[in-house]
Amino acid sequence: MVNVIGLGYIGLPTALMMASHGVEVVGTDYNEQLVCMLNEGHTTFKESGLDELFQEAVAEGITFTTKYQVTDTYIVSVPTPYDKFSKKVDACYVVEAVRNVLKVAPKGAVIVIESTVSPGTIDKFVRPVIEDTGFTIGTDVHLVHAPERIIPGNMIYELIHNNRTIGADDRAVGERVKGFYGSFCQGEIVITDIRTAEMTKVVENTYRAVNIAFANELAKICRHDNMDVYEIIQICNMHPRVNILQPGPGVGGHCISVDPWFLVGDYPSLAKVIDESMKTNDGMPDFVLNRIYEIMRKEGLKDISRVGLYGLTYKENVDDMRESPTLQLLESQKKHLGTPLNVYDPYITDDVVENQYHDLNDFLENIDFVVIMVGHDEIKRNLKELNDKIVLDTRCIYNGSCYRL
Ligand code: SAJ
C-alpha cells in the first residue's frame, strides 16, 4: 500500500492515478476539511479530467484520512514555500511530514519526497531528522527524491506521458520505486542520486523562468521603440535553433515564480542571470499597470472605475491564484492609493478582491477598457463582445484593434 502525504495540486492527482492503476492507496492530509470534502466525493480544485480520475480511483478503493498509515511506501507531496527575505526554500512542511512518517513507518519503508526542494535540502534538513530519531538511512528507512513535473492544465496527460527522474542513495531502491511509478508512467524514468534529482527539478523551472524573462524584456524593448514583439518572436522562431517563449503580464503559480529563487538564495554571487530574470518577471505587473495609465491618458479616459481586469488566476484554464500577476498588480495599485480596478474571472467564484464580478456580461457592461490578464477559453469564445471596448491584450489572443504589452 502507498500512503500519499499531502493531497494538494500534485499529491491528489498522483494518488488518484496510482489508485486507478490498481495500486492500493491511502491519501493523508492534515487539513480535515479537505479530507472531508474528498470523502464526500468532491475534488478540491478544477483540472481537466480530474473528476473522472477521482471516480475511477474511488471505485478502485482509494481512501482519504488525516492519519499516517503503517505501510512500506510513503510519497510526500507537501508544499515547499520560500522565505521571501532569504530566498531560500522553507522545508518545514517536508520535515514535519517525514517526522510523522517516522512515527509509524515499519523497518525498510521507503520515503519518496515528491515536493520540489533546492539542491542539498534533503541532506541538510531531512537526513538529520531521520538520524536524530534513531533510524539508520539505508536499513531502517530508505530515502528517494522523485520530483514531479506535471503542468497544471494538462496534469493527467503529463502524469502518464512525462519522463521522470528518481534520485536514490541506493540504485536497487531506485529501481523498486521506478517499477512502482512505471505502473502508470509511460515516459522514460531515469535513476540518479538525490542531489542531482533535486537540482534537475529546480533547473527545469529556472530554465523556463529565464526564457520567459527574455521574452518579457523583449516586450519592453519593443514597446520603447514601438515594434511588434509578437511578430518579431514569430519570425525569430522560424529559425531552426530559436524558440522564444511568450511575453505576459508576469509569472505566477507556485513553481516558476518560486523555485528559481532557491538558486539565487543559495548561490547569490553566482546566480546573476537568474536573479535579474526573476526581477524582470516580477516587474511585469507594474509594467502593465503603467501601460494602463498610459492608455487611459491616450484615450482620454479619466474614470478608473470604468477599467476592468479579465482574469485572476496565474494562467489560463486553471483555478489557482497563487502568485497571480493580477493580484500583484492590484496590490501595487493599492500602494499608490488607486481606486481598485474591476475584476472578473470565471474560475474564481468566491469574493477574493474588491470590485469583483461573477458574470462576464455584468463585468463588460460596467467597463469601457478591458485588460486581458489571462487567456481563459471563456474569453477566447467571447472576443467579439470586446469590439466596442478599449482593449489591452497582455496575452496576444485578441485579433481586433487593441493595445498590447
Ligand atoms: N508564462 C508566460 N509566458 C510563457 C509561458 C508561461 O508568461 O511563454 C507564464 C504563465 O502565464 C504563468 C507562468 O508563466 O503565469 C508559469 O506557467 P507555466 O505554464 O509556464 O508553468 P507552471 O508553473 O504551470 O508549471 C511549471 C512547469 N515547468 C516547466 O514547464 C519547466 C511544470 O512542468 C512543472 O511541473 C511545474 O512548473 C511545477 O510544479 O514545478
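Quick note: structure is the one above.
All values reported here derive from a predicted model rather than from experimental measurement. (Residues numbered from 1 in each chain as written. Predicted model: local features only at pLDDT ≥ 70, side-chain atom pairs only at ≥ 80, totals over all residues. Heavy atoms only, no water.)

### Re a nonpolar patch on the surface
Here is the rule: What goes into a patch is any residue over 30% in relative accessible area without a salt bridge, connected to like charges within 9 Å or, for nonpolar side chains (Val, Leu, Ile, Met, Phe, Trp, Tyr), within 5 Å. Here the accessible surface of atoms and residues is derived via Shrake-Rupley with a 1.4 Å probe, and residues count as covered only by protein chains that are part of the display. By definition here, a salt bridge exists when the distance from a side-chain nitrogen of Lys or Arg to a carboxyl oxygen of Asp or Glu is within 4 Å. Secondary structure counts use DSSP, requiring at least four H or I residues in a row for a helix and at least two E residues in a row for a strand, with both numbered from the N terminus.
Taken together, the side chains of I221, M227 and I232 define a hydrophobic patch exposed on the protein surface, amounting to about 240 Å² of accessible area. Here I221 lies in helix 8 (residues 194–224).

### Thoughts on the pairing of strand 1 (residues 2–5)
Here is the rule: Burial here depends on accessible area, computed with a 1.4 Å probe over protein chains only, as a share of the maximum for the residue type. Under 20% is buried, over 50% is exposed, and the range in between is partly exposed. DSSP-based pairing: two strands are paired if at least 2 bridges between them are found. Here the term right-handed applies to a crossover when the path leading from its first strand over the helix to its second strand runs clockwise, the strands being oriented away from the viewer.
Burial along strand 1 is two-sided: V2 and V4 and N3 and I5, pointing in opposite directions, are all buried. Bridging between strand 1 and strand 2 (residues 25–28) involves four bridges; their strand directions are parallel. Its bridge partner being in strand 2, V2 is matched across the sheet by V25. A crossover connection joins strand 1 to the parallel strand 2 through helix 1 (residues 11–20); in handedness this β-α-β unit is right-handed. Pairing of strand 1 with strand 4 (residues 73–76), which is carried by four bridges, proceeds in the parallel orientation. Within strand 4, the residue paired with V2 across the bridge is T73.

### Here we look at the environment of D359
Which entries qualify depends on this criterion: Pairs of N or O atoms are called polar contacts if they sit within 3.5 Å, as long as, within protein, a hydrogen donor faces a hydrogen acceptor (for residues adjacent in sequence, only side-chain-to-side-chain pairs).
Relative to the helices and strands, D359 is located in the loop between strand 11 (356–357) and helix 14 (360–365). Since its relative accessible area comes to 35%, D359 is described here as partly exposed. For the pair D359 and P346, spaced 13 residues apart in sequence, the C-alpha to C-alpha distance is 7.4 Å. A distance of 3.0 Å separates the side chain of D359 from the backbone nitrogen of N361, its partner in a polar contact.

### Re the packing of aromatic side chains
Test applied: Each pair of aromatic rings taken from Phe, Tyr and Trp, with Trp reduced to its six-membered ring, is defined by centres within 6.5 Å and is described as stacked if the planes are under 30 degrees apart, edge-to-face if over 60, and tilted in the remaining cases. A ring has a charge above it when a Lys NZ or an Arg CZ is no more than 6 Å from the ring centre and no more than 35 degrees off the ring normal.
The tally for this structure, following the rule as stated, stands at seven aromatic pairs. Three or more aromatic residues joined by ring pairs form one cluster here, namely Y310, Y344, Y357 and F363. Across the ring face of Y181, the terminal group of R164 is positioned such that the distance to the ring centre comes to 4.2 Å. Above the plane of the ring of Y230 lies R404, whose end atom (NZ or CZ) is 5.5 Å from the centre.

### So, unusual backbone geometry
Glycine aside, residues mostly have negative phi, and peptide bonds are mostly found in the trans state. Not every positive phi belongs to a glycine, and N355 is a case in point at roughly 50°. Here N355 falls in the partly exposed class, since its relative accessible area comes to 36%. Within the chain, C396 stands out as a residue other than glycine whose phi angle is a positive 55°. Within the secondary structure, C396 is located in the loop between strand 13 (390–393) and strand 14 (403–404).

### Looking at the pairing of strand 13
With burial as the criterion, each face of strand 13 is covered, one bearing I390 and L392 and the other bearing V391 and D393. Sheet analysis places strand 12 (residues 369–372) next to strand 13, joined by four bridges and oriented parallel. Directly across from I372, in strand 13, lies its bridge partner D393. Where strand 13 lies against strand 14, two bridges are found, and the strand directions are parallel.

### A word on the site of the ligand
The line we're drawing: Note on terminology: near, applied to a residue and a molecule or strand, indicates that one of the residue's heavy atoms is within 4 Å of it. Under the convention adopted here, Pro, Cys and the residues Ala, Val, Leu, Ile, Met, Phe, Trp and Tyr are nonpolar, Asp, Glu, Lys and Arg are charged, and Gly plus all remaining residues are polar.
Residues in close proximity to the ligand total 20 residues, the closest being E148, R149, K201, R208 and Y314. In the environment of the ligand, an oxygen atom lies 2.7 Å from a nitrogen or oxygen atom belonging to the side chain of N205. Backbone polar atom of G252 to an oxygen atom of the ligand: 3.0 Å apart, as the coordinates give it. Against a free-state accessible area of 780 Å², the protein chains account for coverage of 88% of the ligand. For the shell around the ligand, the per-class residue count stands at nine nonpolar, four polar and seven charged.

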